[in-house]
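Breakdown of the fold
The primary structure of each chain is shown beneath.
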Amino acid sequence: MTRPQLPPDAGVDPALGPWLAEARADLAAYLGVDVESVEVRVAARVTWSDASCGCPRPGMRYAQVPTDGAYAELVVGGAVHAYHGGGRRGPFRCPPRV
């Protein structure tokens with residue numbers, strides 16, 4: 001997982017409201033919790049360096065073109081979950097690399 005460079009004062013971009021609603025609903029379903037328990041720490045528009053949207057999967061190849069998208073950190077019970085998106089991909093959970 002790649003965390004994009006964000007300004008230190010990055011907050012929540014209000015233009016990402018619908019995207020965040022989808023991300024929060026996805027995480028709530030994944031964890032089996034109420035969507036109200038999913039807090040948004042940061043949400044910003046970003047440009048990813050390639051079509052992996054900062055979350056490359058092993059063995060996959062991605063177009064090496066800048067890709068406009070979004071990044072969010074969602075918090076549930078103190079645990080931070082990264083959500084990425086871009087191009088034609090909606091928000092998706094990007095697990096940390098092990």
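As a starting point, this report considers the structure included with it. Small disclaimer: the values here were computed from a predicted structure and weren't measured.

Read from one edge to the other, the open sheet built from four strands follows the order E1-E2-E3-E4, with strand pairing classed as antiparallel. A single partner strand is all that each edge strand has here, and the edge strands are strand E1 (39–48) and strand E4 (89–93). With strand direction ignored, the average angle separating the axes of adjacent strands in the sheet is 20°. Pairing analysis gives nine bridges linking E1 to strand E2 (residues 67–76), with the strands arranged antiparallel. Across the sheet, Arg-45 pairs through a bridge with Ala-70, a residue of E2. Strands E1, E2, strand E3 (79–86) and E4 of the sheet are contacted by helix H1 (residues 17–31), whose axis makes an angle of about 45° with E2.

Moving on, we get to the packing of aromatic side chains. In the structure shown here, the tally under the stated rule is one aromatic pair. Positioned over the ring face of Phe-92 is Arg-89, at 3.8 Å from the centre of the ring. Its guanidinium or amino end placed over the ring of Tyr-30, Arg-93 lies 3.8 Å from that ring's centre, counting from NZ or CZ.

Cut-offs used in this document
- Residues numbered from 1 in each chain as written.
- Predicted model: local features only at pLDDT ≥ 70, side-chain atom pairs only at ≥ 80, totals over all residues.
- Heavy atoms only, no water.
- Pairing = 2+ DSSP bridges.
- Helix = DSSP H or I, 4+ residues; strand = E, 2+ residues; numbered from the N terminus.
- Axes fitted to C-alpha atoms, helices over the stretch in contact; angles between N-to-C directions.
- Contact = heavy atoms within 4.5 Å.
- Phe/Tyr/Trp six-rings, centres within 6.5 Å; stacked < 30°, edge-to-face > 60°.
- Lys NZ or Arg CZ within 6 Å of the ring centre and 35° of its normal.

Spatial relationships are all this shows, so hold off on functional conclusions.
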